[in-house]
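Here's the letter readout for the chains.
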Amino acid sequence: MRNILILVFLLGCFQIGMAQDALSVLIAQNLTDTTMLRRIEQFKLGGYEKKFDCGSQTRDEFISTAKTYLGTPYRFGGTTDQGMDCSGLIYRTMKDLGLTAPHGAQDLARFGQIILDKKELKPGDVIFFTQTYPTNKLVTHAAFVVEDDHMVHSSTSRGVQMIPIDDPYYWNEHYLFGTRIFPNP
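Now for a look at the structure at hand. Remember, it's a predicted structure, so these values are computed and weren't measured experimentally. (Residues numbered from 1 in each chain as written. Predicted model: local features only at pLDDT ≥ 70, side-chain atom pairs only at ≥ 80, totals over all residues. Heavy atoms only, no water.)

Regarding the packing of aromatic side chains
All chains considered together, the criterion is met by 6 aromatic pairs. Plain terms: the ring middles of Phe62 and Phe144 are 4.7 Å apart, the flat faces sit at 50° to each other, and that makes the pair tilted. With a gap of 82 residues between them, Phe62 in helix α4 (residues 59-67) and Phe144 in strand β5 (residues 141-147) connect regions that are remote in the sequence. The two residues Phe62 and Phe144 agree in class, both being buried. Centroid distance Phe129 to Tyr175: 6.3 Å. Interplanar angle 75°. Geometry classified as edge-to-face. A residue pair is termed long-range when its members are at least 10 positions apart, and Phe129 in strand β4 (residues 126-129) and Tyr175 in strand β8 (residues 175-180) qualify at 46 residues. Pair check on accessibility: Phe129 and Tyr175 agree, each one buried. Within the aromatic cluster, the residues linked to one another by ring pairs are Phe43, Phe128 and Phe177. The lysine or arginine in question, Arg110, covers the ring of Phe43, its NZ or CZ lying 4.4 Å from the ring centre. (Phe/Tyr/Trp six-rings, centres within 6.5 Å; stacked < 30°, edge-to-face > 60°. Helix = DSSP H or I, 4+ residues; strand = E, 2+ residues; numbered from the N terminus. Buried < 20%, exposed > 50% of the residue type's maximum accessible area, 1.4 Å probe, protein only. Lys NZ or Arg CZ within 6 Å of the ring centre and 35° of its normal.)

Next comes the structure, spelled out in structure tokens:
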């Protein structure tokens, strides 16, 4: 019944000319998955597409700073060169640049313009994934684009590494969306 109500709402939005936001599109894409719908709705409650203050920092500075952590071992909750998790890498990189960011993939995903289409991602965009481990959260992993064909993230098995952006594990069923926190180049 809930799925039908959501579908009717979305169709009504189209008919009266309302623009659809990114999370409405995600809802429409997941109408048959009640668990995913619940996760999206819970995520919406915390807010999204919040403005992120980049100060005078650029996406290139973000990328070059993050690359200094390549080879750092994985440590759940870690934010130092002794060990860091996926969101710890982004948190620490931002901190090194004098910026304030939350530590937690779900919280990080609330900032910046949401980009659903993988083809529109640019270097410096943060990428979020879902269902990479068992949890009730919508967002379970974070990485970011460093070049047109590579991303950097912290893997539980290999630590901070650069991998092809089309890595089959992440891009197939786990890709959720990207966010653009730095202004367009």
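Next comes the rest of the account.
Comments concerning the nonpolar core
With 40 residues, the main nonpolar core has Phe62, Ile90, Met94, Phe128, Val139, Phe144 and Phe177 as its most contacted residues. Setting aside residues up to four positions removed in sequence, Phe128 forms contacts with Ala105, Leu108, Ala109, Val139, His141, Ala142, His174, Tyr175, Leu176, Phe177 and Thr179. By size, the runner-up hydrophobic cluster in this structure holds 12 residues, among which are Ile115, Ile165, Tyr170 and Tyr175. (Core = buried A, V, L, I, M, F, W, Y, C linked by side-chain atoms within 4.5 Å. Contact = heavy atoms within 4.5 Å.)

Re the pattern of salt bridges
The full count for this structure, using the stated rule, is 5 salt bridges. One salt bridge connects Glu147 with Lys67, and the closest N-O pair in it is separated by 3.4 Å. Of this pair, Glu147 sits in strand β5 while Lys67 sits in helix α4, and the two are 80 residues apart along the sequence. Relative accessible area serves as the criterion here: at 31%, Glu147 is assigned to the partly exposed category. For Arg92, the salt bridge identified is with Asp96, shortest N-O distance 2.8 Å. One end of the pair is Arg92 and the other is Asp96, both in helix α5 (residues 86-96) and 4 residues apart, which spans about a single turn. A relative accessible area of 24% means that Arg92 is categorised as partly exposed. Ionic contacts of the salt-bridge type, sharing partners, join the residues Arg59, Asp125 and Arg180 into one network. (Salt bridge = Lys/Arg side-chain N within 4 Å of Asp/Glu carboxyl O.)

Things to note about α4
By the burial criterion, the buried members of α4 are Arg59, Phe62, Ile63, Thr65 and Ala66. For α4, the angular spread of the buried residues around the axis is 165°, confining them to a single face. Lining the buried residues of α4 we find α5, β5 and β8. (Arc of directions from axis to C-beta.)

Describing the environment of Glu41
As for its position among the elements, Glu41 is in helix α3 (residues 34-45). Here the alpha-carbon distance between Glu41 and Ser24, two residues 17 residues apart in the chain, equals 9.8 Å.

As for the packing of helix α2 (residues 22-29) against α3
When two helices pack together, their arrangement is captured by the angle between the axes and the distance separating the axes. For the pair α2 and α3, the least separation of the axes is 9 Å and the interaxial angle reads 165°. Judged by the inter-axis angle, α2 sits roughly antiparallel to α3. The handedness of the crossing between α2 and α3 comes out as left-handed. For the pair α2 and α3, contact is made by Leu23, Leu26 and Ile27 and by Leu37, Ile40, Glu41, Phe43 and Lys44, respectively. For the contact of α2 with α3, the residue count by class is 6 nonpolar, no polar and 2 charged. (Axes fitted to C-alpha atoms, helices over the stretch in contact; angles between N-to-C directions. Parallel < 35°, antiparallel > 145°, perpendicular 65-115°, else oblique. Left-handed = near helix turned anticlockwise from the far one by under 90°. Nonpolar A, V, L, I, M, F, W, Y, C, P; charged D, E, K, R; others polar.)

With respect to the side chain of His174
With respect to the secondary-structure elements, His174 resides in helix α7 (residues 168-174). Apart from residues lying up to four places away in sequence, His174 is in contact with Phe128, Phe129, Thr130, Gln131, Thr132 and Tyr169.

In short, geometric facts, not functional conclusions.
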